[in-house]
Amino acid sequence: SWKEHKMIDDEGTLETVKITNAIVKMSALMTVGLGHVGAEMLLRGVEDFDILKQGHKRLGIFGYCGIRNFSEMTLYLDENVISFVNVLASIIHGKAIKYKGSPGQMFRESFSVVWNFSDSDQVQSKEGNLALKLTRKAVNICNLSIIAFLKIYIRILRNIEVEKYTSSLVNPGNVKKMKTSMGFGLHFGWAIEGAVGSDFKIDPCYLSPHINISYQLETATKIYGVPILLSGRLYSKCSDQMKRLLRRIDKVLLKGMNDPIEIYCVDVDMTKLPVKNKEEDDETEEQKAGRKKLRIDHIKRIANGKGRIEALLQADTDLYQITKDSGEGKFNQLWNETMEAYLKGEWLKTKRLIGECQAIRPNDEPCKALYNYLSRFSFLSPLKWPGYRDLKEDLI
């Protein structure tokens, strides 16, 4: 953060040192105001800034973190809702940066995050189309984007900072109603990066239909009853170890799209999430700082392509406990059969397979979502079933 920028001790020193410190502080505050991506855009055009200059097309992973019960929060907190949202922002932005993402603007009740790829990992054809070279570095960035949202969800689920804040502001009778609920959407695609505005006001931003897809995926989490949804385009870029944690739950057509996409949830068992480690609470500040540095260095090595995601999944206690059984067992085999039957239009068979899946996982939300959708048609697929679900009307 800007507070962490070190400045020279200017007490009793030359005015040039004071000016240097002022520039450092202004630069840091500008980075906070524009964001890391915005600051980079500004630096690229600082010598010859032109508002009419064309943007820069690049690949990225675009994510949205939406507050599902934002209206209720505003009602109960009134003017304090700004401080409450900032508590959430500190969690989301902190985790995003830790896992090599860049926080973006807030849109409606959603926080945006973007993960960029280095120019060396992007290949452009003569037609102007961009493709991603699947180097270990690029693949690990894709992996880290999913882990970042998973870690944010875990932090929100534990409700530590949020509970401390709301309990002092809200009437005790409404504290239970104040439990924060969030959804997350992730998608891989291209965007035009640039400054949008006029000579009076500019904002750094990304313009692309792919960004809207991530926003729609976040909205669709309410339909499928899962906290995180990601597109098949992102799934295809992940490592095999990460794919083991991901589960295909539908093939859908979204707004602004001509072709359907497969969507995946992060298939983890949150009931196995350990309680907060009390031993860490007893650590000294120096020990906590040392542990934090080791984690950050580990993530940095992975982001640079010098480490594997498996090591992170095993080293992080929370991630290890909730992912150790993912992608294995009878349920996953049955679910894969269920999806194949559903997409082929064999809906009576799908109904039977859903029942077998629910016998193993009675509270599985994607099972419930699929069952509810098929029940609209009495479990008989339409004559012209295209092999995917049109989700546009459900997202209104």
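Going by the structure above, here's the rest.
In this text the structure is predicted, and so the values were computed from the model without any measurement. (Residues numbered from 1 in each chain as written. Predicted model: local features only at pLDDT ≥ 70, side-chain atom pairs only at ≥ 80, totals over all residues. Heavy atoms only, no water.)

Trainee: Is there a simple way to explain the pairing of strand 8 (residues 228-231) in this structure?
Mentor: Along any regular strand the residues' side chains alternate between the sheet's two faces. Judged by which residues are buried, strand 8 turns out to be covered on both faces: I228 and L230 on one side and L229 and S231 on the other are all buried. In terms of strand pairing, strand 6 (residues 182-197) meets strand 8 through three bridges, oriented parallel. Within the sheet, the bridge partner assigned to L186 lies in strand 8 and is L230. Direction of pairing for strand 8 relative to strand 10 (residues 261-266): antiparallel, over a ladder of three bridges. Opposite L229, over in strand 10, you have C265 as the bridge partner. (Buried < 20%, exposed > 50% of the residue type's maximum accessible area, 1.4 Å probe, protein only. Helix = DSSP H or I, 4+ residues; strand = E, 2+ residues; numbered from the N terminus. Pairing = 2+ DSSP bridges.)

Trainee: It is not clear to me how unusual backbone geometry should be interpreted in this structure. Could you clarify?
Mentor: Despite not being glycine, K100 shows a phi value in the positive range, around 70 degrees. Mapped onto the fold, K100 is located in the loop between helix 3 (81-98) and strand 2 (102-107). By relative accessible area, K100 is classed as partly exposed at 32%. At S378, a residue that is not glycine, the phi angle is positive and equals roughly 55 degrees. Position of S378 relative to the elements: it lies in the loop between helix 15 (365-375) and strand 11 (389-390). With a relative accessible area of 52%, S378 lands in the exposed category.

Trainee: Honestly, the environment of R376 in this entry has me stumped. Any pointers?
Mentor: Its place among the elements puts R376 in the loop between helix 15 and strand 11. Looking at R376, the relative accessible area reads 51%, which means it is exposed. The contacts of R376, once residues within four sequence positions are left out, are R389 and D394. A polar contact is formed between the side chain of R376 and the side chain of D394, at a distance of 3.3 Å. (Contact = heavy atoms within 4.5 Å. Polar contact = N/O pair within 3.5 Å; in protein donor to acceptor, adjacent residues only side chain to side chain.)

Trainee: Can you walk me through the packing of helix 14 (residues 347-360) against helix 15 in this structure?
Mentor: Each pair of packed helices gets described by two things: the angle between the helix axes and the distance between those axes. Where helix 14 meets helix 15, the closest approach of the two axes is 10 Å, and the angle between their N-to-C directions is 150 degrees. Relative to helix 15, the element helix 14 is oriented roughly antiparallel. Here helix 14 and helix 15 pass one another in a crossing that is left-handed. Residues W347, T350, K351, I354, C357 and Q358 of helix 14 pack against C367, K368, L370, Y371, Y373 and L374 of helix 15. (Axes fitted to C-alpha atoms, helices over the stretch in contact; angles between N-to-C directions. Parallel < 35°, antiparallel > 145°, perpendicular 65-115°, else oblique. Left-handed = near helix turned anticlockwise from the far one by under 90°.)

Trainee: Looking at this structure, how should I read the pairing of strand 7 (residues 202-207)?
Mentor: Bridge analysis of strand 6 against strand 7 gives six bridges, and the strand direction is antiparallel. Note that in strand 7 the partner of I192 across the bridge is L207. A loop of four residues connects strand 6 with strand 7, the two strands running antiparallel in sequence.

Trainee: How should helix 4 (residues 136-158) be read in this particular structure?
Mentor: Side chains that are three or four residues apart share a direction in an α-helix, a result of its 3.6 residues per turn. If you check helix 4, its first and last C-alpha atoms are 32 Å apart, about what 23 residues at 1.5 Å a residue would give, namely 33 Å. By the criterion of burial, helix 4 is predominantly enclosed, with 18 of the 23 residues buried. Downstream of helix 4 by a residue or two, N159 has a phi angle that is positive, lying close to 65 degrees. (Expected span 1.5 Å × (residues − 1).)

Trainee: Would you mind showing me how to read the pattern of salt bridges here?
Mentor: Working definition: two side chains of opposite charge can pair if their charged atoms are close together. In this structure the tally under the stated criterion is 17 salt bridges. The salt bridge involving E356 is made with R352; its shortest N-O contact spans 2.8 Å. Placement of the pair is E356 and R352 together in helix 14, with a separation of four residues, close to one helical turn. Here R352 falls in the partly exposed class, since its relative accessible area comes to 47%. Residues participating in the shared-partner salt-bridge network are K151, R158, D316 and D318. (Salt bridge = Lys/Arg side-chain N within 4 Å of Asp/Glu carboxyl O.)

Trainee: Could you clarify how one ought to interpret the state of the cysteines in this entry?
Mentor: In a disulfide, the sulfur atoms of two cysteines are covalently bonded to one another. If you walk through the whole model with that rule in mind, you get zero disulfides. Summary of cysteine pairing: C265 is not part of a disulfide, and the nearest cysteine sulfur, belonging to C367, is at 10.0 Å. Look at C265 and you get buried, because its relative accessible area is 2%. No disulfide involves C367; its sulfur sits 4.7 Å from the nearest other cysteine sulfur, which is in C357. (Disulfide = S-S within 2.5 Å.)

Trainee: Sorry, what's going on with the packing of aromatic side chains here?
Mentor: Geometrically, a pair of aromatic rings is defined through the distance of the ring centres and the angle of the planes. As enumerated under the stated definition, the model contains 15 aromatic pairs in all. Seen from their ring centres, W115 and F149 are 5.7 Å apart, and the 70 degrees between their planes marks the pair as edge-to-face. Of this pair, W115 sits in strand 3 (residues 110-116) while F149 sits in helix 4, and the two are 34 residues apart along the sequence. By the burial criterion, W115 is buried, and F149 matches it. Measuring from ring centre to ring centre gives 4.0 Å for Y235 and Y264, while their planes differ by 5 degrees; the resulting arrangement is stacked. Of this pair, Y235 sits in helix 7 (residues 232-235) while Y264 sits in strand 10, placing them 29 residues apart in sequence. Judged by relative accessible area, which is 7%, Y264 ranks as buried. In textbook terms, an aromatic cluster arises when at least three aromatic residues are bridged by ring pairs, as seen for Y342, W347, Y373, F377 and W385. (Phe/Tyr/Trp six-rings, centres within 6.5 Å; stacked < 30°, edge-to-face > 60°.)

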